[in-house]
Amino acid sequence: MNDNIKSRIQQIMGRYPRKESALLPALMLVQKENGNNLTKELVAEVADVIGVSLSRAFGVATYYSMFNVSRPVGKYHLQVDTNIPATIMGAVEIFNYLSDKLGIKHGETTPDGLFTLSKVECLASCGTCPVIQVNERYYELMTKEKVDMLIDSLRKGIMPDLPVEYNWGTLCNVLLKNRGVENAKSIAVYKQLGGYKTLTKALKMSPEEIIQAVKDSQLRGRGGAGFPTGIKWGFVPKNTGKPVYLICNADEGEPGTFKDRQILAYDPHLLLEGMIISAHALGCKQAFIYIRGEFGWIAEILEKAIDEAKQDGQLNDLSIVVHRGAGSYVCGEETALIESLEGKRGLPRMKPPFPAIEGLYGCPTIVNNVETLASIPYIVEHGADAFKQWGSKAGYGFKLFGVSGAVNKPGAYECPMGISFDELIEMAGGYKGKIKGVIIGGLSVPIVTPEELKKGPGLKLDYESPAEYGTSLGSGGVMVIGEEFTMPEIAARTIQFYHHESCGQCTPCRLGSTMMTQLLEKIADGNGQEGDIERVLWLCNNIRGNTLCPTGEAYAHPVITMVTKFRDEFEAMIPKKA
Amino acid sequence: MESTFKIYINGKALETSAGKTVLDVAREHDIYIPTLCHHPRTGKAGKCRACLVEVEGLRGLKESCALEVRDGMSVKTHTEQIQEVRKMIVELLLSNGEHNCIACEKNGHCELQDMAYHLGIERPGYLLDYERITLDESSEGIIRDANKCIECGRCIKSCNNNVMHEVLDFGWRSDHMRVICDDDKPMGESTCVQCGECVQVCPVGALTFRYAKGKGPYWELDKTKVICTYCGVGCSIDMFTKDNKFVYSLGTEENWQDQTNKGMLCVKGRFGFDFLNREDRLDTPLIRKNGKLEKAGWDEALDLVASRFTDIKAEHGPGSIGFFTSARISNEENYALMRFARGVVGTNNIDHCARL
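Predicted, not measured: the structure shown is a model, and the values here were computed from it. (Residues numbered from 1 in each chain as written. Chains lettered and ligands numbered in written order. Predicted model: local features only at pLDDT ≥ 70, side-chain atom pairs only at ≥ 80, totals over all residues.)

This next bit is on the nonpolar core. Residue and element names in this part refer to chain A. Ranked by size, the top nonpolar core spans 260 residues in total, and within it L27, V46, I247, L424 and V559 carry the most contacts. Of the residues forming this core, the biggest block, nine residues, is contributed by helix α13 (residues 268-282). Among all residues touching L424, those that are not within four sequence positions of it are F401, V403, Y413, C415, I419, L461 and V478. (Core = buried A, V, L, I, M, F, W, Y, C linked by C-beta atoms within 7 Å. Buried ≥ 20, exposed ≤ 12 C-beta atoms within 10 Å, placed from the backbone. Helix = DSSP H or I, 4+ residues; strand = E, 2+ residues; numbered from the N terminus. Contact = placed C-beta atoms within 7 Å.)

Written out as structure tokens, the structure is:
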């Protein structure tokens, strides 16, 4: 490691209240400078510069999937998202095409050291799958022709620009109002569109007034859990003598979810304005944006926006640091996210204490989702009543949905809370072909069959109606599964994801997901045995609710419904004894 | 005085006080709640999920190791639901790795074995595909068998928080997760100083003492509480012996908070007692007679020393005598010898090696 990199690591350490927080960005930097590879020697040097034990640094380096430790990768690391939303949009075909074209399998590198091919988990690009991440860049809506163009160009040493057309739409014109405006991500354009006016208003309000407005609006967390934001803010203890931290959760890891990036990449100042207002309300002087590691280019957009806002005097005495994750689904859970921000393995903590009391560095901390924070300016500007013009007591306001899979216009749509499911599907161009089932709130919620959708008063997308259909709103990531897929293969691919992402610390999740994966793969491959289905259900029933963090139920619930609602398909895959 | 109140475990009223956990109270009253990751000296961890209990009025099962008691709390520890979750945990652990008790050093005091016994599980119903990990026999005193490890994290916590050597941590994740030394070095090549704290807290046979291997199962050993003879700290040791021969030593766990060493030992207290089993160990004073060392009784030896000191002092003066003491005796003994040198013999010639 040369002195230049060492001093850059020291600079990174200076950004954080505690130097250990620099561990992830430092490892990421060193890996990038070393041709996308991380060696044991480099990990040891980073540990030394930052002043943490070697075991901790190595534990962190091997925890996160983006660190290539003792697993050399080629000049171009082609990472094909094959998670459920990708699979149902043809990613496996693209992966196989690439595999044949390059003559390498998953995890292998071409003999010339140019390409490494990997299957990876959800890249939050579900509306634009198949997606290939090449080093730090996304190539979306890939077709075989585009793959040919990509590989030809990379062979010449050029990262090509391949066109992508995104589908999006809004019925509320709040979160996506600037989505179609050219360069809305620059502060000049954002201000021309009326940006930062609400901040001026908010700074004249007392923190209590803002918190009250948010409470009155009944805004609920948009990350997936739906906890009332104002109430969460109210948990922050006063006068503890400790700093209060605000963390924006931009981990966007739930398969099927690609909504936050619509704000992050196209309207970053809307998020910043929301964060600055929220920080004022919470008495916070240091905020963080924890963004998933794969969103490298979006992290750059955010850093630029923060610089602009600072130059423009919008930040006042608030400092905002963009912290990139390094590949871990579990880090979307707020306590795991905090651990990760502290430079540790992303292991969820036991609760209580909750972060609002004891969070980052043991201090009061509020973790809010991107969409939640971006909703704050509207509430402060127009008041709680205006926010409540949309929706009902089952959920107020506007909400972003991502629709992927078997629809004609997969994309991101902003709709009033409580919009009917059919209307959303219509916005997304309607179903493409016959469907087998829908998952409405990200992969962690139970699957609903088309027959179930036809029953009752009609599914509405809010916090109550989905419960009547045995599912929940989650993150609003809608996946439509076409008829060409079998449920055992969908179930096996689902559990593979959670198994890959299990942090490993608690027994039911670590080994339960392992056993479920082995059983469901066996069934999907036609090698199942009698009793396997019962064993899967027995595991699900004992895992749900009994793991350290919500990950256990995040896979137990959907798998139970896949198995029970499509049991015939599973039974049919199990050879009968002669 | 601390105010007390009652909680109910399985319907039985138990007097307790604030600040304790449900697990503490259950243990005080010999109510068996299995724990694999919680250890009194490494604290709660929430990893094993074995100690889950049902609490009236609370949704879902709760970790009894972390749940603080409240006045009137009503807890159930062995409902059908709880037992089913525990069965799953044991099944999962037994299905992964190699948990063969027959020749295991931990047979008879293995916490996983106990749990399986209480749940009536002889073998798991399904075995996971599992890749065997080579034994780590690289270090002087400790054998690491990752195939028996249940990833409870006690060893890591004790290494980082109790003895603060920061050698152990978890590497990788999901079912690839395993305990590493430094950057996944064999223990003998790592910065481990072999204090053996990790072995002491290990609930299963993943970490065992090399020299205790095959010396006898747990139930054949006698436990004697002794004070370590190596330095003046005075660590309490539970010394395990068989047929009056030393087998291994643990820091005293009983009332560990009140011991100077809080249950921990250093490499010497842990591994430095093999000399006890040597045939040529000194067990009486020796007196050189006609150029040859011969066994003697204590009275004879002390009489000889006293008379020679008296003679030398009379002939050459007290300045001709010097004393050299050691850190292997206590402060009080060092003090007594200083008083003897200065007050009785009358010399300032007294020094101390100040190391072990």
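Here we take up the pairing of strand β13 (residues 286-289) of chain B. Residue and element names in this part refer to chain B. Bridging between β13 and strand β14 (residues 292-295) involves four bridges; their strand directions are antiparallel. The residue bridging K289 from the neighbouring strand is K292, located in β14. With antiparallel pairing between neighbouring strands as the criterion, β13 and β14 make up a hairpin whose turn holds two residues, including N290 at a positive phi of roughly 55 degrees. (Pairing = 2+ DSSP bridges.)

This part covers the environment of A:I84. All names here are of chain A. In this structure, I84 sits in helix α5 (residues 84-87). Residue I84 is classed as buried on the basis of its C-beta count, with 29 C-beta atoms lying within 10 Å. A sequence separation of 395 residues divides I84 from M479, and the C-alpha atoms of the two residues are 8.4 Å apart. For I84, the residues in contact, after removing those within four places along its chain, are P255, L443, M479, I490, R493 and T494.

Domain annotation of chain B identifies domain 1 (4-78), domain 2 (221-281) and domain 3 (299-352). Domain 1 of chain B and domain 2 of chain B are separated by 32 Å when their C-alpha centres are compared. (Domains from an automatic or database assignment.)

Residues and elements named next belong to chain A. It is at 10 Å that the axes of helix α1 (residues 3-15) and helix α3 (residues 40-50) come closest, and there the two elements cross at 50 degrees. The orientation of α1 with respect to α3, classified from their angle, is oblique. As for the relative orientation of α1 and α3, their crossing is right-handed in sense. Judged by residue contacts, K6, I9 and M13 of α1 engage V46, V49 and I50 from α3. Residue composition of the contact of α1 with α3, by class: five nonpolar, no polar and one charged. (Axes fitted to C-alpha atoms, helices over the stretch in contact; angles between N-to-C directions. Parallel < 35°, antiparallel > 145°, perpendicular 65-115°, else oblique. Left-handed = near helix turned anticlockwise from the far one by under 90°. Nonpolar A, V, L, I, M, F, W, Y, C, P; charged D, E, K, R; others polar.)

Let us look at the sheet that holds strand β4 (residues 137-139) of chain A. In a beta sheet, neighbouring strands pair by backbone hydrogen bonds and run either parallel or antiparallel. Residue and element names in this part refer to chain A. In space, the four strands of this open sheet follow the order β2-β1-β3-β4, with mixed pairing throughout. In this open sheet, the two strands that pair with only one neighbour each are β2 (115-120) and β4. Neighbour-to-neighbour, the strand axes of the sheet open up by a mean angle of 25 degrees, direction not taken into account. As paired strands, strand β1 (residues 76-81) and strand β3 (residues 132-134) are joined by three bridges and run antiparallel to one another. If you follow L78 over to β3, its bridge partner there is V134. Across the face of the sheet, helix α6 (residues 91-102) comes into contact with β1 and β2 while running at roughly 150 degrees to β1.

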